[in-house]
Each structure stands twice: as C-alpha cells, then as structure tokens.
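Residue-level structure breakdown
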2 protein chains.
Amino acid sequence: MPEAAEEARPGRANRVAKLPPRERILDAAEELFHAEGIRGVGVQAVADRAGTTKAALYRHFGTKDALVAQWLLIVAADYVAAFDRVEERWPDEPLAQIRGVAAFVVDTLSTISHRGCPFINSLAELPDRDHPARQVIEAHKARQLRRLTAMCAAAGLTDPEGAAAEITFALEGAQVSAQNGSVDRIGERLVTFVDAVLVRHTA
Amino acid sequence: MPEAAEEARPGRANRVAKLPPRERILDAAEELFHAEGIRGVGVQAVADRAGTTKAALYRHFGTKDALVAQWLLIVAADYVAAFDRVEERWPDEPLAQIRGVAAFVVDTLSTISHRGCPFINSLAELPDRDHPARQVIEAHKARQLRRLTAMCAAAGLTDPEGAAAEITFALEGAQVSAQNGSVDRIGERLVTFVDAVLVRHTA
DNA sequence: CTTGCATGATACCGATCGGTATCATTCGGA
DNA sequence: TCCGAATGATACCGATCGGTATCATGCAAG
C-alpha cells in the first residue's frame, strides 16, 4: 500500500503534497508569514516548508516581496468571499449582512489565534510605502470600507459613512485586542458593540 | 560664538547632542524602531543615529532585544503619564477623565503619522512569546485596561468591564485605521464613538 | 597630577539574508 | 516515442545581521 505514506504527516500536509509547486509555496508562505512574521521568515524556510527549492520559488515569483503581495491577495480574496456569502445568504437584508460580516470576523479571531490580522501585521512590517504588498493592503481596506458603507446605506442608516467607519474601528480593534489577549470574551463584546452602532444610527 | 553650532541640525538633534550615550541610544531607538520597524533596523544604524558605537550600545543594554524592551518601557511610561494627567486635571470627574484619555490618543494619531501604535506594531514583529519586550507590552495593556475599567466604575457605568473593553476596541481600532489611512476624520469619529459608549452604559 | 573608568573607533566573528547560476531528472503532450 | 519545459538539488554570491574583542582617547574624581 504505497499511498498509505500520504498519512504520514497529519492535517494540511497530505492535502498539499501533490499540488503544483506554486500552490505549495503559497500555502507554506501563508502559514509561515502569519506565524513568524514576514521579516522573520526566509525564502529558504518557505521553500523547505513547501517541499521545494528556492530556485522554484524565484521562478514563480521573482522576488520575496512579490510573494508577500501574492499571499496577501489570497487573504484578501477570503474576505471578498465572506462579503459575497453574507450578501447571498441575506439578500435585501443589509442589517443581517452587516451582522454576518461581524460574525465572520469573530470566527477569524479564533483561527488567527494570538497572531493577529495578516493585514495589520504586514502593515507594521512593511514601512516602505512603495512595497508591492502595500497596494494590496490599501485596496483591500478600501474595498471593505466601501462594501460596508454600501450595506449601511442600504439599511437606511443615518450617516452610512460614519457607521461604517465605527464598525471598522470595532472590527480592527477586536483583532488587535484578541492578539494581545488583554480583553476576554471578545467575540460577544464585538457583536454587542456592532449592534449598538446599528441601533444608534437608526432613525 | 561656538555654541551657535548647536543649531546646526534642527529639531530634536541639538537637544540630544550632549546627553549621555545611554539616553542618546534610547532616543535613536525610539525614532528608528518606530519609523522602520524593529526588525528593519540594525544595531549599527541605532548606534550611528545616536552618534555612538555598537560597543557602547552593547555595554549599556547587552542585547538588541533588551534595548527593544527598554524602548517600549519608555513608550509605556508616556501612557502612564497621560493617565496621571487626566486624573489630576479632572479629579472626581471620571467621565471627563475617560474623554481626556480618548483625546490623548487622538493627539497621538497625528504624532505617529501613518506608522501606527508602537505596541501593536511590536506585537506583529515579535511573535516569540518569550521575548522580553512582550512582558512590557502585556503589562502595559493590562494596566491601561485596569485604569480604564476603574474610571468606568467610578463613573457609575453599568458593566464597567464591558465599557472599558469597548473603549479599548475603539482606541486600538482608531490607531490601526489611522495607520492604513482608509478612514478619514478619525479623531472626531473616535470621540463621537467613545461618547456613545459612555451614554449607552449610563443607567 | 595621576589614576581609573567610560567612551569612541575599528576590526572581526559566524550565521543568515535575498537572489542567481548550473545541471540532472522527470514528466506530459505532440 | 521523443522532445521540451518544468522541476529539484546544490553551490555560490555579496551584503548585512547580532554580537565580541581590542585599544587608544578623554574626562572626572581622588
């Protein structure tokens, strides 16, 4: 039974084992960049984790910075998918959509256990405003705020921009607080909090 | 006029010129770590900026990690001083104290122009939970939350812990939003927001 | 005046960094 | 079947990293 060797490493590994190198590298990058930080992980470590070599990594991405940008593009796509999901699940119910977005962030709070939001962390690690990953981050933040504002407007809230800004505060503050672990019961507090914002902005 | 040479470099530099090396190093570290990130600044660069040498740096701090911890201790002391100030300025007026703390954070929002909160950034750059600077960060966050909770309790708010947690969300979320620049008029929004929290938790 | 300590300058250490070059192997499509 | 592209392995490059050792200077207290 030769294929039994696939279960040698548990979890993610065997699922990834036979993917093309580009996918394996992105998978390894996601894991390592998030766990150790961008500047704390060398390209050799990423290649090793992906079961390939530095040469293959540079053939596909050309630069470590480009790899970082590609990784953040994937993370951003997860958020886009989450917004799509809540819009599909509660059509014509913008208030439910907003609560759905908050619930999505609450879910990520446990997933990203104590290592925080990849975008916030990357922003701290990439002070260079010309870094290719910065464009990805800014585009993501702008898109998220735009969709949130649209939901607030559709819900008939007074001052949709203000409501969306406050909700953004709360979402990002919750992720930071979860990272440093000083505040407990963050998920519940965040939901309560977003509800309060919605109520206050309702005529 | 020999002392006229002191005004050769504008701003901070001449004030620092004749301080003992330890102070100059901490001053340079504060500037560089915040601007470029901890991992983005080498000890040689800190020593150069301080007008001294690596040898002197290691004589005083022993380790780069220890220097980072000392730097964060100073930043934390600034926050402690801010809390002391609002308590001294509005004794027996806890609501005014809380608003004063929020105003202090609003002030820092422009000071730390687009480079974010040193604690949040350092947390992203130091994934190692045993890093000496982590203890400084955790102690700071815990102390800040404790004092904020005490103010909320003194103000007679229902659920002081909840109110303090929500205010913490807002303060940290505002700093992150200021860093990525996606949200405008952050200062006003933060003040509005904290007021709303106080109102909602008032019986 | 002299002694002693902190400082500044410099060279050096091994390790690791991002990135490149070379070459044998493998594998899928014509 | 054969060919060409993609892959894996490995060695190498210059630069920089955190950290150490050495030594001459300068300054301040005895």
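1. Concerning the pattern of salt bridges
Side chains that differ in charge, positive against negative, can pair when their charged atoms come close. Scanning the model with the defined rule gives 18 salt bridges over all chains in all. For aspartate 84 of chain A, the salt bridge is made with arginine 147 of chain A, and the minimal N-O distance between the two is 2.8 Å. A residue pair is termed long-range when its members are at least 10 positions apart, and aspartate 84 of chain A in helix α5 (residues 64-89) and arginine 147 of chain A in helix α8 (residues 132-154) qualify at 63 residues. The class for aspartate 84 of chain A is partly exposed, based on a relative accessible area of 38%. Under the relative-accessibility criterion, arginine 147 of chain A is labelled buried at 15%. Glutamate 31 of chain B is the salt-bridge partner of arginine 49 of chain B, the closest N and O atoms lying 2.3 Å from each other. Residue arginine 49 of chain B is found in helix α3 (residues 43-49), and its partner glutamate 31 of chain B is found in helix α2 (residues 21-36); the two are separated by 18 residues along the sequence.

2. Concerning the domain arrangement of chain A
All names here are of chain A. Domain boundaries assigned for chain A yield domain 1 (1-62) and domain 2 (71-203). Each of domain 1 and domain 2 has a C-alpha centre, and the two are 29 Å apart. If you look at the interface, domain 1 gives 10 residues, while domain 2 gives 12 residues. Counting the surface domain 1 buries against domain 2, the share from its top three residues, His34, Ile38 and Arg39, is 57%. In this structure, the connection of domain 1 to domain 2 is made through 5 residue pairs in polar contact (both at pLDDT 80 or more).

3. Re the protein's contact with DNA strand D
The immediate surroundings of DNA strand D are formed by 15 residues, with Arg24 and Thr52 of chain A together with Lys54, Tyr58 and Lys64 of chain B found nearest. Between valine 43 of chain B and DNA strand D, the recorded distance is 3.0 Å, taken from a backbone N or O atom to a phosphate oxygen. Going through the elements one at a time, α2 (21-36) and α4 (54-61) of chain A together with α4 (54-61) of chain B are the ones with two or more residues in the surface near DNA strand D. Taken together, the residues of the surface near DNA strand D sort by class into 6 nonpolar, 5 polar and 4 charged.

4. As for the environment of alanine 154 of chain B
Residue and element names in this part refer to chain B. Counting through the fold element by element, alanine 154 comes out in helix α8 (residues 132-154). For alanine 154, a relative accessible area of 57% corresponds to the exposed category. Separated by 59 residues in sequence, alanine 154 and leucine 95 have C-alpha atoms that sit 8.6 Å apart.

5. So, the protein's contact with DNA strand C
Taken together, 15 residues sit near DNA strand C, with Val43, Lys54, Tyr58 and Lys64 of chain A together with Thr52 of chain B positioned nearest. A breakdown of the atoms of DNA strand C within 4 Å of the protein gives sugar and phosphate a share of 51%. Within the contact set of DNA strand C, a phosphate oxygen lies 3.0 Å away from a side-chain nitrogen or oxygen of arginine 24 of chain B. At the level of secondary structure, the elements contributing two or more residues to the surface near DNA strand C comprise α4 of chain A together with α2 and α4 of chain B. Taken together, the residues of the surface near DNA strand C sort by class into 6 nonpolar, 5 polar and 4 charged.

6. Quick word on α2 of chain A
Turn by turn, an α-helix covers 3.6 residues, leaving residues three or four places apart pointing in a common direction. Compared with the 22 Å implied by 1.5 Å per residue over 16 residues, the 22 Å span of α2 of chain A between its first and last C-alpha is a close match. Looking at α2 of chain A, one finds that the buried residues are Arg24, Ile25, Leu26, Ala28, Ala29, Leu32, Phe33 and His34 of chain A.

Thresholds applied
- Residues numbered from 1 in each chain as written.
- Chains lettered and ligands numbered in written order.
- Predicted model: local features only at pLDDT ≥ 70, side-chain atom pairs only at ≥ 80, totals over all residues.
- Heavy atoms only, no water.
- Salt bridge = Lys/Arg side-chain N within 4 Å of Asp/Glu carboxyl O.
- Helix = DSSP H or I, 4+ residues; strand = E, 2+ residues; numbered from the N terminus.
- Buried < 20%, exposed > 50% of the residue type's maximum accessible area, 1.4 Å probe, protein only.
- Domains from an automatic or database assignment.
- Contact = heavy atoms within 4.5 Å.
- Buried area = accessible area lost by both parts, 1.4 Å probe.
- Polar contact = N/O pair within 3.5 Å; in protein donor to acceptor, adjacent residues only side chain to side chain.
- Near = heavy atom within 4 Å.
- Nonpolar A, V, L, I, M, F, W, Y, C, P; charged D, E, K, R; others polar.
- Expected span 1.5 Å × (residues − 1).

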